[in-house]
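# Residue-level structure breakdown
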Amino acid sequence: MIAELCLQEKYAPHNTCFGCGPSNPKGLKVRSFALNHEVVAEWTPEAHHEAFPGVLNGGIIGALLDCHSNWTAAWALMEKNHETSPPCTVTADYAISLKRPTPSNCKIYLSAKVAELKDDRAVIEATLTANGKVCATCRGTFVAVKPGHPAYHRW
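This report concerns the structure included in the present document. Predicted, not measured: the structure shown is a model, and the values here were computed from it. (Residues numbered from 1 in each chain as written. Predicted model: local features only at pLDDT ≥ 70, side-chain atom pairs only at ≥ 80, totals over all residues. Heavy atoms only, no water.)

## Quick word on unusual backbone geometry
Unusually for a residue other than glycine, Asn-36 sits at a positive phi of about 60°. Mapped onto the elements of the fold, Asn-36 is located in the loop between strand E1 (33-35) and strand E2 (38-43). With relative accessibility at 67%, the residue Asn-36 sits in the exposed group. The phi dihedral of His-82 is positive, around 55°, even though this residue is not glycine. Within the secondary structure layout, His-82 lies in the loop between helix H2 (58-80) and strand E5 (89-98). (Helix = DSSP H or I, 4+ residues; strand = E, 2+ residues; numbered from the N terminus. Buried < 20%, exposed > 50% of the residue type's maximum accessible area, 1.4 Å probe, protein only.)

## Here we look at the side chain of Arg-31
With respect to the helices and strands, Arg-31 occurs in the loop between helix H1 (7-11) and E1. Reaching out from Arg-31, the side chain makes a polar contact with the backbone oxygen of Glu-4 at a distance of 3.0 Å. Here the side chain of Arg-31 touches Glu-9 through a polar contact of 2.9 Å, side chain to side chain. (Polar contact = N/O pair within 3.5 Å; in protein donor to acceptor, adjacent residues only side chain to side chain.)

## As for the sheet that holds strand E7 (residues 121-130)
Two orientations exist for strands paired in a sheet by backbone hydrogen bonds: parallel and antiparallel. The antiparallel open sheet is built from 6 strands, whose spatial order is E1-E2-E6-E7-E8-E5. Edge strands, defined here as strands with exactly one partner in the open sheet, are E1 and E5. Mean inter-strand twist for the sheet, computed between neighbouring axes without regard to direction, equals 25°. Here H2 sits on the sheet in contact with E1, E2, E5, strand E6 (108-117), E7 and strand E8 (133-144), set at roughly 135° to E5. (Pairing = 2+ DSSP bridges. Axes fitted to C-alpha atoms, helices over the stretch in contact; angles between N-to-C directions. Contact = heavy atoms within 4.5 Å.)

Shown next, in the form of structure tokens:
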């Protein structure tokens, strides 16, 4: 995955989002890749992402799942509408369920799939896995914005 461009680098290289912006030097830089009918990513935590030694902070978990799910929605809407670039999507709602402490000393894997797809929105279900165990899940609604919205054309 490392050698190819991720969705964020291909479609929003100047985005400065904390979670997924390739141009944010202090951000998490989630790198999402479309793979068949899901979007996947791997991410490596650092000590400053911890809630306490050895355990990833819940807010970081939320940011990872939010951004990865948002890009899954953007990719799915682009594919559905046969577009060459994704619409700018924003989070309408999302809920995180923390299943177990997420270790911070290993790679984190994100996987997301479309649960529902409409003309301008997608409901996404995602998981965060570490050491082969699901540590957190997410379900959220992500909406393509129109001209006049502050996020329109932010990519």
